[in-house]
Amino acid sequence: MKRMMDLFLTFGRIGALTFGGGYAMLSLLDYECVEKKKWLTADELTFVTVIAESTPGPIAINCATYTGYKLAGMGGAFFATAGMVLPSFLLLFAISIFFQNMLVVEIIEKAFRGIRIGVAVLIIQAAVRMIKKMIKKSPDKKIQTFIAAFFFLVAFTMNIAGVHISTIYLILCGGFLGLALFGGFGNKKEGRKDG
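Residues numbered from 1 in each chain as written. Predicted model: local features only at pLDDT ≥ 70, side-chain atom pairs only at ≥ 80, totals over all residues. Heavy atoms only, no water.

### A look at the environment of T65
Phase 1: Its place among the elements puts T65 in helix α4 (residues 59-104).
Phase 2: By relative accessible area, T65 is classed as partly exposed at 29%.
Phase 3: Measuring from C-alpha to C-alpha, the distance between T65 and G75 comes to 10.0 Å, with ten residues separating the pair along the chain.
Phase 4: Excluding anything up to four places from it in sequence, T65 contacts A77 and T81.
Phase 5: In this structure the side chain of T65 is engaged in a polar contact, spanning 2.8 Å, whose partner is the backbone oxygen of I61.
Phase 6: Within polar-contact distance, the side chain of T65 engages the side chain of T81 at 2.6 Å. (Helix = DSSP H or I, 4+ residues; strand = E, 2+ residues; numbered from the N terminus. Buried < 20%, exposed > 50% of the residue type's maximum accessible area, 1.4 Å probe, protein only. Contact = heavy atoms within 4.5 Å. Polar contact = N/O pair within 3.5 Å; in protein donor to acceptor, adjacent residues only side chain to side chain.)

Written out as structure tokens, the structure is:
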């Protein structure tokens, strides 16, 4: 039960204190789950993020559910997910009652402009952290750096040009490129050696 409460309170803190959705939460998830509590490795968080992005549901909730399940089974998954969802739900419910009136107040409207900038910085920080950890552990640093830079430039250029493309296509392209470059399609030789 102690582990369940720890999961609930940790993810509750992340859910309550992070503005900007799942991507903004990645930085806090990395700090809490990887660096502070050691519940996940940096690689696991990267894989969970990719899977969570590719599956239905918010990315942060999927990460919380996986972490909870890994540590304490179905009960852990429930408490971690509830911790992530409940504070945000209660806060959003309270704000929605007064939202129209709040935006009329000039100081609150200006505060939200600042929060948007802070959220963008959090997302960039999470991306830089994950890329650094991924490349640091990889024997193919140059190739992975190239892939990361290439897909960043593709996404950035398309956004600037006003062309919308789903991130799922970039993830799928990255997966096929990874298989091609790192031996996924050419593992037949290794399989023969093992067999």
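### Comments concerning unusual backbone geometry
Phase 1: Located in the positive-phi region is K38, a residue other than glycine, with phi close to 60°.
Phase 2: Counting through the fold element by element, K38 comes out in the loop between α2 (22-36) and α3 (42-54).
Phase 3: Its relative accessible area of 62% is what places K38 among the exposed residues.

### Side note on the state of the cysteines
Phase 1: Applying the stated criterion across every chain yields a total of zero disulfides.
Phase 2: The thiol of C33 is not disulfide-bonded; the next cysteine sulfur, from C63, is found 8.2 Å away. (Disulfide = S-S within 2.5 Å.)

### Considerations on the packing of helix α6 (residues 141-161) against helix α7 (residues 167-181)
Phase 1: The interhelical angle for the contact between α6 and α7, taken along N-to-C directions, is 155°, at an axis separation of 12 Å. The orientation of α6 relative to α7 falls into the category roughly antiparallel. Considering the relative orientation of α6 and α7, their crossing is right-handed. Contacts between α6 and α7 involve I143, I147, F151, V154 and A155 from the first element and L170, C173, G174, L177 and L181 from the second.
Phase 2: For the contact of α6 with α7, the residue count by class is nine nonpolar, one polar and no charged. (Axes fitted to C-alpha atoms, helices over the stretch in contact; angles between N-to-C directions. Parallel < 35°, antiparallel > 145°, perpendicular 65-115°, else oblique. Left-handed = near helix turned anticlockwise from the far one by under 90°. Nonpolar A, V, L, I, M, F, W, Y, C, P; charged D, E, K, R; others polar.)

### Quick look at the nonpolar core
Phase 1: By size, the foremost hydrophobic cluster in this structure holds 22 residues, and its most contacted members are F11, I14, M25, L29, C33 and M84.
Phase 2: When residues of this core are traced back to their parent elements, those giving at least two are α1 (2-17), α2, α3, α4 and α5 (106-137).
Phase 3: Here this core takes six residues from α4, the largest share from any one element.
Phase 4: If we skip the residues at most four places from it in the chain, I14 touches M25, L28, L29, E32 and M84. (Core = buried A, V, L, I, M, F, W, Y, C linked by side-chain atoms within 4.5 Å.)

### Points about the packing of aromatic side chains
Phase 1: Applying the stated rule across the entire model yields six aromatic pairs.
Phase 2: Residues F150 and F151 carry aromatic rings whose centres are separated by 5.4 Å and whose planes lie at 75° to one another, so their mutual orientation is edge-to-face.
Phase 3: Under the relative-accessibility criterion, F150 is labelled partly exposed at 41%.
Phase 4: Overall, F151 belongs to the buried group, its relative accessible area being 16%.
Phase 5: On the basis of an interplanar angle of 15° and a centroid distance of 5.8 Å, the ring pair of F152 and F156 is categorised as stacked. Taken together, the residues span about one helical turn, with F152 and F156 both in helix α6 at a distance of four residues.
Phase 6: One aromatic cluster is present, formed by F146, F150 and F151 through successive ring pairs. (Phe/Tyr/Trp six-rings, centres within 6.5 Å; stacked < 30°, edge-to-face > 60°.)

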